[in-house]
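Below are the chains, spelled out letter by letter.
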Amino acid sequence: MGVMGTSVTKKLWQERLSKNKDRLKHLPLPTPTPKPPQQIAVNYAFSSDRFLQEQYRNPWDQVRVGKLLEDLDSLAGNIAFQHCDDDRTDTQLPLLVTAAVDAIHLRRRLDLRQDIQVSGQVVWTGKSAMDIRMQLTQEHCQGEPSLVALFTFVARNPLTQKSTQLNPLQPQTAEETQLFQERQQVADARRAARNVSAAEQQDATIAQRRWAETLLAEARAMTDMPSLTSGNAMLIRDTAMQNTFVCQPQQRNIHGRVFGGFIMRRAYELAFASTYMFAGQRPTFKEVDEVTFMRPVDVGDLLRLRSCILHTQLSPPGSNKVTIHTEVVASVAQPEQVTSDVSNMLTFVFEVSQDHVADLDDKKDGEAATPRKVKRVLPASSEEAQKLHQFFPQA
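Residues numbered from 1 in each chain as written. Predicted model: local features only at pLDDT ≥ 70, side-chain atom pairs only at ≥ 80, totals over all residues. Heavy atoms only, no water.

A. Fine view of the packing of helix α3 (residues 65-84) against helix α6 (residues 260-279). Two elements in contact, α3 and α6, have axes separated by 8 Å at closest approach and are oriented at 160°. With respect to their mutual orientation, α3 and α6 come out roughly antiparallel. Our pair here, α3 against α6, has a crossing hand that is right-handed. In this structure, α3 contributes Val 65, Gly 66, Lys 67, Leu 69, Glu 70 and Asp 73 to the contact, and α6 contributes Gly 260, Gly 261, Phe 262, Met 264, Arg 265 and Tyr 268. (Axes fitted to C-alpha atoms, helices over the stretch in contact; angles between N-to-C directions. Helix = DSSP H or I, 4+ residues; strand = E, 2+ residues; numbered from the N terminus. Parallel < 35°, antiparallel > 145°, perpendicular 65-115°, else oblique. Left-handed = near helix turned anticlockwise from the far one by under 90°. Contact = heavy atoms within 4.5 Å.)

And the structure:
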C-alpha cells in the first residue's frame, strides 16, 4: 500500500485491509446472496482540526478538489467491498476495480471552514457491475448535498481475472427502489446503444460527417488564411498541455496497482491549469463529466497525461458565463517496446466569466481595461471532429 494518499484515503484502506487480512487467495468466492444497501460515511472535522484543514487547502483558501477525488475513489472502494463481504474467513472476496466515473457534480462551493460529511451506498447491481452513489454535505446547506458522485465498479475473479457474479442489491425503501430503477434504465439504454442497427448507425454517421466537415472547413480557413479570419477561435491542438512522470511505489493502492484516485487528482490538476491558461482567469470547477478506466497502471510505468480544451459553450443569456469542457487522456508509454496504450480518459467541466477584465499591474495610467472574451475551439482533424460530435452532438 502506498504512503502518499490523503489521511482519509489511508484510513479507508486500513479498514478494508483489516477485514480482509485473514483471507487467502485460494479460497472460494462467496455465494451470491441478495443484500440491502448499507451506507458508509467519512467526516472531515475542518472546524476543529487545523492540520486536516491545511491538508485540503488550495492557494485560494478553498477546498482542494483533486484531493476529494482521491477520497471519493477510496470511499467507493470500501462501499463496494462492504457489499461483497460475507463476514466469513473461509471465502475470498472478488477483485473490485473502478470501471468508470459516470459523473461528479459540484452543486455549490465548498466551505473549508465547515465540517464535511461524505456518505454513499450501492444503488444498483448487474451481474458483475455495481453503481455507487456518494454525496457530500455541509451544515450551511441544510441537508442538501453540495456534491453528488456516481462510480461504477466491476468484480473480477482474483485468479482468472474474469468477471464474477455480485450479490444482487435488495432495495429496502421507496427512495432506494427509485434509484435502482433509474440506474437500471441507464444500463438498459447503454445496452440498446450497443445494439443499434446498421441503418441507424449509417444515418448517424452521415449527419456526423456533415457537421464535422463544417467545423473542419472553418478550421482550414483559419489555418490557411489567419489574417482574414476572426480572432475569436483557435484550434483544439493549440490548447494542449502535457505532463509525464514515472509512477512510484508510494502511489500504489492495496492491490499493488497505481491508485485510480491519484490518476484522477493529477488529471484534474492538469485540466485546471490548462483551463486557467486558456481562459486567462481562474476557472470554477463544476463537474467531472466522465472518467473511463481502460487498463491498469502499474508501479514503474511511464504515465503521460495530455490535456486539451475540447469545447466551449455560452451559458443562457444574462448569466455572462462560459462553460469549458477539458479532456485529459492518460497513456502508458513503454519506450523499450516503442508502444503507448491509453489507460484513462477523463473529461472535466469548468466555468468562467465571458467578459473577464484582467487586473494588470502594468497597464498604462488612465488606460481602460479591455474585457477578454473566451475563444471558441475548432477541430483540426477528422478524429477531433468525431470526438467533439460524440460528446456534443447538438453543438
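Anyway, onward from the coordinates.
B. How the structure looks around the environment of Val 63. Relative to the helices and strands, Val 63 is located in the loop between α2 (50-55) and α3. Given a relative accessible area of 6%, Val 63 falls into the buried group. Residue contacts for Val 63: discarding those within four places in its chain leaves Tyr 56, Asn 58, Leu 68, Leu 110, Asp 111 and Leu 112. (Buried < 20%, exposed > 50% of the residue type's maximum accessible area, 1.4 Å probe, protein only.)

C. Molecular detail of the packing of aromatic side chains. Across all of its chains, the model carries 13 aromatic pairs by this definition. Taking the centre distance of 4.8 Å and the plane angle of 80° together, the rings of Trp 13 and Phe 259 count as edge-to-face. In this pair, Trp 13 sits in helix α1 (residues 7-20) while Phe 259 sits in the loop between β7 (241-246) and α6, placing the two residues 246 residues apart along the sequence. Given the relative accessible area of 4%, Trp 13 is considered buried. Each residue in the set Trp 60, Tyr 268, Phe 272, Tyr 276, Phe 285, Phe 348 and Phe 350 is aromatic and connected to the rest through ring pairs, giving one cluster. It is Arg 266 that lies over the ring of Phe 245; its NZ or CZ is 4.1 Å from the centre. (Phe/Tyr/Trp six-rings, centres within 6.5 Å; stacked < 30°, edge-to-face > 60°. Lys NZ or Arg CZ within 6 Å of the ring centre and 35° of its normal.)

D. Representation of the side chain of Thr 91. Note on placement: Thr 91 falls in the loop between α3 and β2 (95-106). A relative accessible area of 5% places Thr 91 in the buried class.

E. Spotlight on the pairing of strand β11 (residues 339-353). Across eight bridges, strand β8 (residues 284-293) lies against β11 in antiparallel orientation. Bridged to Val 288 within β11 is Phe 348. Examined bridge by bridge, strand β10 (residues 321-334) and β11 share 14 bridges and lie antiparallel to one another. Bridge pairing links His 325 to Val 349 in β11. Here β10 folds back onto β11, and the loop between the two strands holds four residues, one of which, Val 338, carries a positive phi near 55°. (Pairing = 2+ DSSP bridges.)

F. Up close: the side chain of Arg 183. Relative to the elements of secondary structure, Arg 183 occurs in helix α4 (residues 174-194). Setting aside its immediate chain neighbours within four residues, Arg 183 contacts Asp 102, Val 123, Trp 124, Asp 131, Leu 150 and Arg 190.

G. Seen up close, the sheet that holds strand β1 (residues 40-44). Reading across from one edge, β1-β3-β4-β5-β2-β8-β11-β10-β9-β7 is the order of the ten strands in this open sheet, with antiparallel pairing throughout. Either end of the sheet is taken by a strand with one partner, and the two such strands are β1 and β7. Taken pair by pair, the neighbouring strands of this sheet meet at an average axis angle of 20°, ignoring direction. Bridge count between β2 and β8: four bridges; the pairing is antiparallel. Within β8, the residue paired with His 105 across the bridge is Glu 287.

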